[in-house]
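# Descriptive structure summary
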Amino acid sequence: MDEQEKYDILKKEVDSLQIQLGKDQKPWHQKPSIIISIVAFIFSFGTTAVSYYKSYKEDVRANRREARELIQRVTRLPIENFELMQRNKGNAFGESLSGVINQENILLASQLVELIERYPESFSSTEYFAVAFALSNSNIKDNVPYLFENAVNRAKNYNDYNVSARAYAWYHFTQGNYSEGRKLYKRALAVWSKFPENNSFVVNSVDLVTLMYWSNAELSIGNYSEATDLIKRANDSLAKLQPGPMTESLKRQIADIEGRIEQSLSG
């Protein structure tokens, strides 16, 4: 049997198979039963998707409501604790109450972080900052870097960015991580590359505040030389500001840091 005969036999078998498969068969789009099934499936899928989306959005809203209530409580606790200690200096009962407040803060902080981690994208830079700032002031170290980093990275404007970066920088200084703190102060000064601003008063006044905070941080660890250089830079920014109540306020704050530097050097 030559190749042509083999081909002819194969073709006949294929043709026969196609005839068998094609008997009483219509294209799928001409079959009402199939069309009805497809439409029903699409409708069912769409209804399920919409229902799931609504359920998801409500869960996110409920999660945020619970978290915001805890945020308000957590940010208030350090103040309450400070006021309590001021009223009960040397009082054993007052100190025990302070311990209770600290324990409550730790518990609430843990619950709050769990809520945030459920839907991290649903929380703003300001909310991350509020929690990080409150916990750092309560000497609760767990999750503080995570919260501060999100506060900085999720900032939508120069103010949120700078406030978060400066607070995170100070936190690093309190933990002895001076190089990381300095990096964050530098990032705060470079904020205008991320959020351009044409108002020179805004630029100079914001940079001035960053330089004051950084100078104060260096002063807190006895780095007087760097503190002095930074406060000089702050004065350079001050000279670029137009006279007014805010400028006078900033001038007094700079003078206060300068006075503490001089006192430290003379002492």
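All residue numbers refer to position in the chain's written sequence, counted from 1. Residues qualify for local features only when their pLDDT is at least 70, as the model is predicted, and side-chain atom pairs are given and counted only at 80 or more; totals for whole chains, interfaces and linings, by contrast, use all residues. In computing side-chain properties, one takes all heavy atoms of the structure into account and sets aside hydrogens as well as water.

## With respect to helix 6 (residues 158-174)
Counted only if it meets this: Elements are defined by DSSP. Helices are runs of H or I of four residues or more, strands are runs of E of two residues or more, and each kind is numbered from the N terminus. In this analysis, the expected span of each helix is defined as 1.5 Å times one less than the number of residues it contains. Relative accessibility thresholds used throughout: buried, under 20% of the residue-type maximum; exposed, over 50%; partly exposed, between the two (1.4 Å probe, protein chains only). Contacts are residue-level and defined by heavy atoms, with any inter-residue pair within 4.5 Å sufficient. Nitrogen and oxygen atoms within 3.5 Å of one another constitute a polar contact, given that in protein one can donate a hydrogen and the other can accept it, and given that sequence-neighbouring residues count only through two side-chain atoms.
A rise of 1.5 Å per residue sets the reference length of helix 6, with its 17 residues, at 24 Å; its end C-alpha atoms lie 24 Å apart and thus fit the reference within 8%. Among the 17 residues in helix 6, 12 count as buried, and that is most of the element. Every buried residue of helix 6 is listed here: Asp160, Tyr161, Asn162, Ser164, Ala165, Arg166, Ala167, Tyr168, Ala169, Tyr171, His172 and Phe173. Tucked inside the fold, the buried residues of helix 6 contact helix 4 (125-136), helix 5 (144-153), helix 7 (178-189), helix 8 (191-194) and helix 9 (200-220). The backbone nitrogen of Asn159 lies 3.1 Å from a side-chain oxygen of the residue at the head of helix 6, namely Asn157.

## Section: the packing of aromatic side chains
Operational definition: The pairing test for Phe, Tyr and Trp rings, Trp by its six-membered ring, is centres within 6.5 Å, and the orientation test on the planes gives stacked under 30 degrees, edge-to-face over 60, and tilted for anything in between. Geometrically, a charge over a ring is one whose NZ (Lys) or CZ (Arg) sits within 6 Å of the ring centre while staying within 35 degrees of the ring normal.
The final tally for this structure, using the stated rule, is 11 aromatic pairs. Measuring from centroid to centroid gives 5.5 Å for Phe129 and Phe133, while their planes differ by 25 degrees, and the two rings are stacked. Of this pair, Phe129 and Phe133 both sit in helix 4, separated by four residues, roughly a single helical turn. With relative accessibility at 18%, the residue Phe129 sits in the buried group. For Phe133, a relative accessible area of 41% gives the class partly exposed. The structure contains a cluster of three or more aromatic residues connected by ring pairs, namely Phe129, Phe133, Phe148, Tyr168 and Tyr171. Across from the ring centre of Phe123, 5.6 Å away, lies the NZ or CZ of Arg64, which sits over that ring.

## Things to note about the pattern of salt bridges
To be explicit about the condition: When a carboxyl oxygen of Asp or Glu lies within 4 Å of a side-chain nitrogen of Lys or Arg, that pair is called a salt bridge.
Under the counting rule described, the total for this entry stands at nine salt bridges. A salt bridge links Glu58 to Arg61; the nearest nitrogen and oxygen atoms lie 3.1 Å apart. A residue pair is termed a helical-turn pair when its members lie 3 or 4 positions apart in one helix, as Glu58 and Arg61 do in helix 2 (residues 32-87) at three residues. What makes Arg61 partly exposed here is its relative accessible area of 42%. The residue Asp59 makes a salt bridge to Arg118 at a minimum N-O spacing of 2.9 Å. You can see Asp59 sitting in helix 2 and its partner Arg118 sitting in helix 3 (residues 92-118), a full 59 residues away along the chain.

## A closer look at helix 4
Compared with the 16 Å implied by 1.5 Å per residue over 12 residues, the 16 Å span of helix 4 between its first and last C-alpha is a close match. Taking burial as the measure, the 12 residues of helix 4 include nine buried ones, the bulk of the element. Those residues of helix 4 that fall on the buried side of the exposure criterion are Ser125, Glu127, Tyr128, Phe129, Val131, Ala132, Ala134, Leu135 and Ser136.

The values are spatial; any link to function lies outside them.
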